[in-house]
Structures are given as C-alpha cells and as structure tokens.
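# Structure at a glance
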Amino acid sequence: MTHLQACFLNIFKASSLLILLHYPAMVTCECTCEVEDLEHGKGEALKFKLGSILSILVAGAIGVSLPLLGKKIKAFRPENDIFFMIKAFAAGVILATGFIHILPDAFKSLTSPCLSQNLWGRFPFTGFVAMMSAIGTLMVDSFASGFYKRMHFKESKTANNTDEETAEEHEGHVHVHTHATHGHAHVSASPSEDLALSELVRRRIISQVLELGIVVHSIIIGISLGASQSPETIKPLMAALSFHQFFEGLGLGGCITQAQFESASMAMMATFFSLTTPVGIAIGIGISSIYSENKTTALIVEGIFNGASAGILIYMALVDLLASDFMSPRMQSNFRIQLGANVSLLLGAGCMTFMVKWA
C-alpha cells in the first residue's frame, strides 16, 4: 500500500467514525421534532374539527329548514316559480357531489395499491357497486309506489262495494254519504283525486330515499374528516362541506315540503339530516387514534359505501329531482321557468364542481 492510499484510508476511517458518533444525535433530534410537530398538528386539527361540526350543523339546518318555512317565505313555496330554480340549483349540487366528489373517492379507495390486486384490481367494483345501488334505488322506488297504490286501490274498491250494498238496502229513497251529512265518505275517489294521491305518495317515497342516500354519504365523509390529522386537509373540506350541506339540505327540504308530511315528521327528517355529518365527524374524532385511511378494511368499507351513495345520489338527482320537474307540464309550458331552471342546474353543478379544487 502506498503512502497516498494509506492517507486516504485514514481519512475515510476518521470520517466514518465522526458520522457514526454524530448520527444517533441527529436521529434523536429529528424524531423529537417530528413528534412535537405531530402533537401540535393534532391539537390544531382538533380545533378545526370542532369548528367544522358547528359550521356544518348550522349550514345543514338552515338549508333544510328554509323550504319548510315556505308559509312565511314566499320564494320557497312549491307553487312559486322561483322554487323550481332553487330546487334545480340544489339538484345540480347533489348531482355534482355524486359524480365529481364521491365517485372518484370510491374509485381511489377500491383501486388502492394497498388492496389485493388479484381481487380488487381485476374487476371494476366501484362502477358495479354504483350501478347496483342505482338499480336498487329504482326497485325500492317502484315497489314502494306500487305497494301504496295497490293499498289505495284495494281500500277504494272495498269502499265502493260497501256503497253499492248500502244503496241496494236503501232502495226506494235517496241516501247519499257526504262529508256534510255524515262526516265521512265511502265513495271511491275520482280519477283526479287518485292522480293527486299517487303523486303525493311518490313524493314521499322520493324524499325518504333521497334522505337515505344523503345520510350514507354524510356519515362516511364526516368520519373521514373527523379521522384526518392534517389541518391543511380539514380547512378546505370544512368550507366545501358547509356549502354542500346547505344546498343538499335545500334540495331535500324542497322534497319534504312537496311530500306534505306532518309537522312532526318534517321536523324529525330535518333534524336527522342536520345531525348526520356532525355525528360522523364526532365518530371520526373518537376513532382517529386507531383509524388509518390506508388500512385494507377502511379502504374497502369507504369505497363500497361511497360507491353506493354515489349511485343513489346520481339516480335521485337525475330521475326524481330533475326529470320530474323538467318534464312537468308547468315547466314545459313556461319558457321563462324552463330557462331559469336550466341555468340554475348548470350553476349548481358548476359551483360544486369548482369546490373539488379545495376538497
């Protein structure tokens, strides 16, 4: 070995010794700093989570309550032209929520590299779940409507037969059952009354199924927000969810108003909607220490529920909220309402789509 090589070897040994002596201190220092930053981030994140509970609760409660106060606020009465435009805007928000926010999240969860690619990577489970939930919503819609119509038809037929028997027994004199004389009637409803009742039943089914889809999505997104430990993620999500909850509540409140439920039922449905996302956030806060978005179970559960709620919301927005109003004789015969509703739909969908930049 030459003198020059010996010098390089000694320098290398000395440098290695210094690095080894200094490295543990560096690691200890870095770990301590990371722990401190993490603890600080958790404390700051908790403040935003508690703020988001209040913000989303208030936004949802105001949104769902406005249409229910239609007797006092003229614009929110179902017979008012502006109601169509407000409802179209809310439907656009719900439609964009399903397509732009929930469905991509479901795809992201169920195509994650953390899942087994032999099972989850070879079949489009997200699209399948969304499709089946939309079909399931259609079936519930159809069977429930048919069930209530058959019940009404059976009651009408029974009442009609009773009236015929009574008429035969009292043959020879006039005997009419009316509200004025006996306080009740046993005659079958007229075709117009049948149509009105059928429409009312359908609107009640629509409002209940729509709330179901919204509740599923709200719980999932609430848990995701509550379990997050990043203030940078929570802050924009809080603003986006408050906006989304307000207009989603507006659409649901419009459906509940048109369904003409009793006051107690309306209050119960409105309260249930307002509390779902805040309750989801509270659950997320409670499980944040054990919850991990990259765990297999969490990815599968989130992906399936998001896919299902996306299918429900897309179906409800297109079929029950938009098609029923846009194809109604009142809108078809009035170009001003038709144009306003189309513009409102595009604005609602556009605003919610724009929100994806922050959430």
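Numbering of residues starts from 1 in each chain and follows the order in which that chain's sequence is written. Local features are withheld for residues below a pLDDT of 70 in this predicted model, meaning they are given only at 70 or higher, and side-chain atom pairs are given and counted only at 80 or more; totals for whole chains, interfaces and linings count all residues. To get the side-chain values, take all heavy atoms of the structure and skip hydrogens and water.

Now for the overall build of the protein chain. Elements are defined by DSSP. Helices are runs of H or I of four residues or more, strands are runs of E of two residues or more, and each kind is numbered from the N terminus. Within the protein chain one finds ten helices and zero strands. Secondary structure of the protein chain in N-to-C order comes out as α-α-α-α-α-α-α-α-α-α. Only protein chains enter the accessibility calculation, which uses a 1.4 Å probe; a residue whose area is less than 20% of its type maximum is buried, one above 50% is exposed, and one in between is partly exposed. In the protein chain, buried positions account for 40% of the 359 residues. Between two residues, a contact is recorded if the distance between any of their heavy atoms is within 4.5 Å. Once local pairs closer than 6 in sequence are excluded, the contacts in the protein chain between residues at least 24 apart make up 83%. Using the Shrake-Rupley algorithm and a 1.4 Å probe, accessible areas are obtained, with residue cover drawn only from the displayed protein chains. About 20400 Å² of surface is accessible on the protein chain, with carbon and sulfur atoms providing 69% of the total.

The next point concerns the UniProt feature "transmembrane region" (unreviewed entry) in the protein chain. UniProt positions are given in the numbering used here, feature names are shortened, and annotations may be inferred rather than shown by experiment. The UniProt record annotates "transmembrane region" (unreviewed entry) at residues 53-70, 82-103, 123-148, 205-225, 269-291, 303-323 and 335-356. End-to-end, the C-alpha atoms of residues 82-103 are 31 Å apart, and along that stretch the chain is 100% helix and 0% strand.

Turning next to unusual backbone geometry. The phi angle at Gln260 is positive, at roughly 55 degrees, despite the residue not being glycine. Checked against the element boundaries, Gln260 lands in the loop between α6 (231-259) and α7 (263-287).

In a structure, side chains of opposite charge can pair up when their charged atoms sit close to one another. The term salt bridge refers to a side-chain nitrogen of Lys or Arg lying within 4 Å of a carboxyl oxygen of Asp or Glu. Under the defined criterion, the tally for this structure stands at three salt bridges. Of the charged contacts, one joins Asp81 and Arg330 as a salt bridge, the two residues approaching to 2.7 Å between their closest N and O atoms. One end of the pair, Asp81, is in helix α2 (residues 81-110); the other, Arg330, is in helix α9 (residues 329-332), and 249 residues separate them in sequence. Assessed through its relative accessible area of 32%, Arg330 is described here as partly exposed. With a shortest N-O distance of 3.0 Å, Arg336 and Asp81 are connected by a salt bridge. Here Asp81 lies in helix α2 and Arg336 lies in helix α10 (residues 335-354), a separation of 255 residues in the sequence. Note on Arg336: relative accessible area 53%, which makes it exposed.

Attention now goes to the environment of Leu345. For Leu345, the position within the fold is in helix α10. Of the residues examined, Leu345 reaches a relative accessible area of 17% and is grouped as buried. Separated by 250 residues in sequence, Leu345 and Leu95 have C-alpha atoms that sit 9.4 Å apart. Those residues in contact with Leu345 that sit more than four places away from it in its chain are Ala88, Phe89, Gly92, Leu322 and Phe326.

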